[in-house]
Protein chains: 2
Amino acid sequence: MKVLIVYAHPEPRSLNGALREIAVKELMAQGHEVQVSDLYADGWKSQVDRADFPSLARDERLITVAASKKAFEAGTLTSDVKAEIEKLLWADALILQFPLWWFTMPAILKGWVDRVFAYGFAYGVGEHSDRRWGDRYGEGTLAGKRAMLIVTAGGWEEHYAARGVNGPIDDLLFPINHGILYYPGYDVLPPFVVYRADGFDESRLGPVAEHLRKRMRTLFTTRPIPYRQQNAGDYLIPSMQLRPGLGDPGATGFGLHVDNEGGVNER
Amino acid sequence: MKVLIVYAHPEPRSLNGALREIAVKELMAQGHEVQVSDLYADGWKSQVDRADFPSLARDERLITVAASKKAFEAGTLTSDVKAEIEKLLWADALILQFPLWWFTMPAILKGWVDRVFAYGFAYGVGEHSDRRWGDRYGEGTLAGKRAMLIVTAGGWEEHYAARGVNGPIDDLLFPINHGILYYPGYDVLPPFVVYRADGFDESRLGPVAEHLRKRMRTLFTTRPIPYRQQNAGDYLIPSMQLRPGLGDPGATGFGLHVDNEGGVNER
């Protein structure tokens, strides 16, 4: 199979650098083809701006959604963005690897999402009707592919637990896992997270590496997070509210969108 | 009072541009001093990299936390970052204004956080003991000041409601409101959110503008979101778990960290 790792750390001699090498090596040992987009090494341009839309007239108002749609359709996105889109279409699995900075991804990786996830490619796909609200949340261009996060976090695991002060890690990562990866169709795997990454003691690397290798070996067999498909009956259209009665009693927030029971989608 | 608006939209002729003008005008009409950091107009550098730490030796491994600590202490952060820190210290209130892209802030604004929120300034402040876990979550350098978000979102309000498919807006913004703003000490106000911002009909601007002006008039009187202070007794140290029995029965995730009852902190 084919795997793309999008890697966002400025220092190769880091824990992230070590984890990346371990992941690549194990994936290749399993016979997979691997490409790495090393955003810092590649000098990736982080922010969306007018330069992303060369066909925009000089005095034309930049409406990012409209400009993205037009440029994707006309094939006039910049070459760095087009190359990433090709890699995403090529890959059977996408791994985003990054240090958790301020409880989300570093700016350079957010800029990769903002620029590469074009209208007509990652959003604005499919019809809107009384039965569908676009191909998104479980459907879309990248459906049938898998995605997962490899994340390092400075804090303690307890601080990211169900009642930890930072908020639960699954909720902190929900806007990425659900909002960025599930949205264009990926099946999203549980994340691989290393805690207490600041001042990481080399002696801890052994078990962490073994766990990561195992996750790489099971990349194509691990059960994805059972998010609810948008257009499969669980949501009212067009209000996109979860139907009354669905969701664990007492569940609130992001947890409602995970179907732990094997709900409508799987029956 | 003094207000800093950090503004992250690439097009002045946008809904965001209009909202910014309305906010600035109303704040000045109230007698406040206002500064705007217009990240796109200023050519803000989005990503953290070696160039942020000019005193780092050429071959030295970049450990971002350590480099940030050293540079903040020694006063060797870059001049653009130092200018933003001065503005934050100057301002009694901070407003972050941005379009919601992929359920969080645009890369350029994330890069502003990643670069400006230095170790020793916004994190890594205060002692760690059996009674305190640093000055954070309600304490810290920016304590006593207020912060709020002005956000535009493409989707419908219903899609961001308690049971909406995107997840509740308060949960999507929690990593920013709690993890970025409350963390270094800000009192965080409920956000101002405009939905269906794509293709925004000018005829809708009137009521939106009036609401925004009202929010600007009440910037220093609106009740902040009652997040729980970390070191005031609600959390076990050092595990930083919310004490058993605290939190609404049935509440999970981010909601636990909002004290709707007026809990330990206020008793």
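Rules behind the numbers
- Residues numbered from 1 in each chain as written.
- Chains lettered and ligands numbered in written order.
- Predicted model: local features only at pLDDT ≥ 70, side-chain atom pairs only at ≥ 80, totals over all residues.
- Heavy atoms only, no water.
- Least-squares fit on C-alpha atoms with pLDDT ≥ 70 in both.
- Contact = heavy atoms within 4.5 Å.
- Helix = DSSP H or I, 4+ residues; strand = E, 2+ residues; numbered from the N terminus.
- Polar contact = N/O pair within 3.5 Å; in protein donor to acceptor, adjacent residues only side chain to side chain.
- Expected span 1.5 Å × (residues − 1).
- Buried < 20%, exposed > 50% of the residue type's maximum accessible area, 1.4 Å probe, protein only.
- Arc of directions from axis to C-beta.
- Core = buried A, V, L, I, M, F, W, Y, C linked by side-chain atoms within 4.5 Å.

Trainee: If you had to explain the relation of the copies chain A and chain B to someone new, which residues and values would you point to?
Mentor: Superposition record for chain A on chain B: RMSD 0.0 Å, screw rotation 180°, translation along axis 0.0 Å. Such a combination of turn and shift is consistent with a two-fold rotation axis. Ranked by how close their C-alpha atoms come to the rotation axis, the residues of chain A are headed by Ala107(A), at 2.3 Å. Here 100% of the interface residues in chain A have copies in chain B that are interface residues too; the copies meet face to matching face.

Trainee: Lay out the side chain of Asn166(B) with the relevant residues and their values.
Mentor: As for its position among the elements, Asn166(B) is in the loop between strand 4 (146–152) and helix 5 (169–182). For Asn166(B), the side chain forms a polar contact with the side chain of Tyr137(A), separated by 2.6 Å. What Asn166(B) contacts, discounting residues up to four positions off in sequence, is Arg136(A), Tyr137(A), Phe174(A), Phe103(B), His159(B), Tyr160(B) and Leu172(B).

Trainee: Hey, could you go over helix 6 (residues 205–217) of chain A for me, with residue numbers and the actual values?
Mentor: Residue and element names in this part refer to chain A. With 13 residues, helix 6 extends 18 Å from end C-alpha to end C-alpha; this agrees with the ideal 18 Å at 1.5 Å per step. By the burial criterion, the buried members of helix 6 are Leu205, Val208, Ala209, Leu212, Arg215 and Met216. Axial view of helix 6: buried residues confined to an arc of 120°, hence all on one face. Close packing links the buried residues of helix 6 with helix 1 (15–29), strand 3 (93–99), strand 4 (146–152) and strand 6 (192–194).

Trainee: Can you break down the nonpolar core residue by residue, with the values?
Mentor: Counting 134 residues, the largest nonpolar core has Trp112(A) and Trp112(B) as the members making the most contacts within it. If we ignore the near neighbours within four places in the chain, the residues touching Trp112(B) are Val6(B), Leu39(B), Trp44(B), Glu84(B), Leu88(B), Leu94(B), Leu96(B) and Phe117(B). Judged by nonpolar contacts, the second largest core, of 24 residues, contains Val24(A), Leu205(A), Val208(A) and Leu219(A).

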